[in-house]
Amino acid sequence: MKILIIVLSLLFTTTPFANTAPVEHLNTTEGYPYKNIIFKAERVELHYSQLDDKVECKVVVSDKMRVYSSEMQQVSQNKFSRSPMASCLTRRTAKQILAKL
């Protein structure tokens, strides 16, 4: 009987955690407004493809029912490696997206 109570209590205490999405740790050295977008948005995607010594990229930001997308940018491999989000999303566009979140 004690084992049944223990098993049932474990079942009911772990069930709410089963549907929880895993937490991702985001590390970024990019400051305002990029870091604020990452923390306020529901989802931030960085789409990119590498061409010889260039990278073609764009940023897609989702918040509940709204989706914001930057224009496709072509940047150097070095610039993309140092700060991917800032090189693919202009500061002006980032501020506009942040204001809408």
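Refer to the preceding data block for the structure.
None of these values were measured; they are calculated from a predicted model.

Criteria and thresholds
- As a convention, each chain's residues are numbered from 1 in the sequence order in which they are written.
- Only residues with pLDDT of at least 70 are given local features in this predicted model, and only at 80 or more are side-chain atom pairs given and counted; all residues enter the totals for whole chains, interfaces and linings.
- To obtain the side-chain values, all non-hydrogen atoms of the structure were included, while hydrogens and water were left out.
- Helix and strand assignments follow DSSP, with helices taken as H or I runs no shorter than four residues and strands as E runs no shorter than two, numbered in order from the N terminus.
- Note on exposure labels: buried denotes an accessible area under 20% of the residue type's maximum, exposed denotes more than 50%, and partly exposed covers the range between, all computed with a 1.4 Å probe on protein chains only.
- We call two residues in contact when some of their heavy atoms are within 4.5 Å.
- Read the arc as the range of directions from the helix axis to the C-beta atoms.
- For this text, the term disulfide refers to a pair of cysteine sulfurs within 2.5 Å.

> Before we go on, may I ask you to explain the overall build of the protein in this structure?
Scanning the protein for helices and strands turns up 5 helices and 4 strands. In sequence order, the protein lays out its α and β elements as α-α-β-β-β-β-α-α-α. Looking at the protein as a whole, 24% of its 101 residues qualify as buried. Taking the intrachain contacts of the protein between residues at least 6 apart in sequence as the baseline, contacts between residues at least 24 apart amount to 41%.

> What exactly am I supposed to notice about helix α5 (residues 91-100) here?
For an α-helix, 3.6 residues make a turn, and residues three or four places apart therefore share a direction. Among the residues of α5, Ala94, Ile97 and Leu98 are the ones counted as buried. The arc enclosing the buried residues of α5, seen along the axis, measures out at 100°, which places them on a common side. More than 90 degrees from the buried face of α5, the exposed residues found are Arg92 and Ala99. As for α5, its buried residues are in contact with α2 (34-40), β2 (54-63) and β3 (66-69).

> I would appreciate a short explanation of the state of the cysteines in the present structure.
Under the definition given, this model contains 1 disulfide. A disulfide bridge connects Cys57 with Cys88, and the sulfur atoms are separated by 1.9 Å. Disulfide Cys57 to Cys88: torsion about the S-S bond roughly -105°, handedness left-handed. With Cys57 in strand β2 and Cys88 in helix α4 (residues 84-88), this residue pair connects regions lying 31 residues apart in the sequence. Judged by its relative accessible area of 0%, Cys57 is buried.

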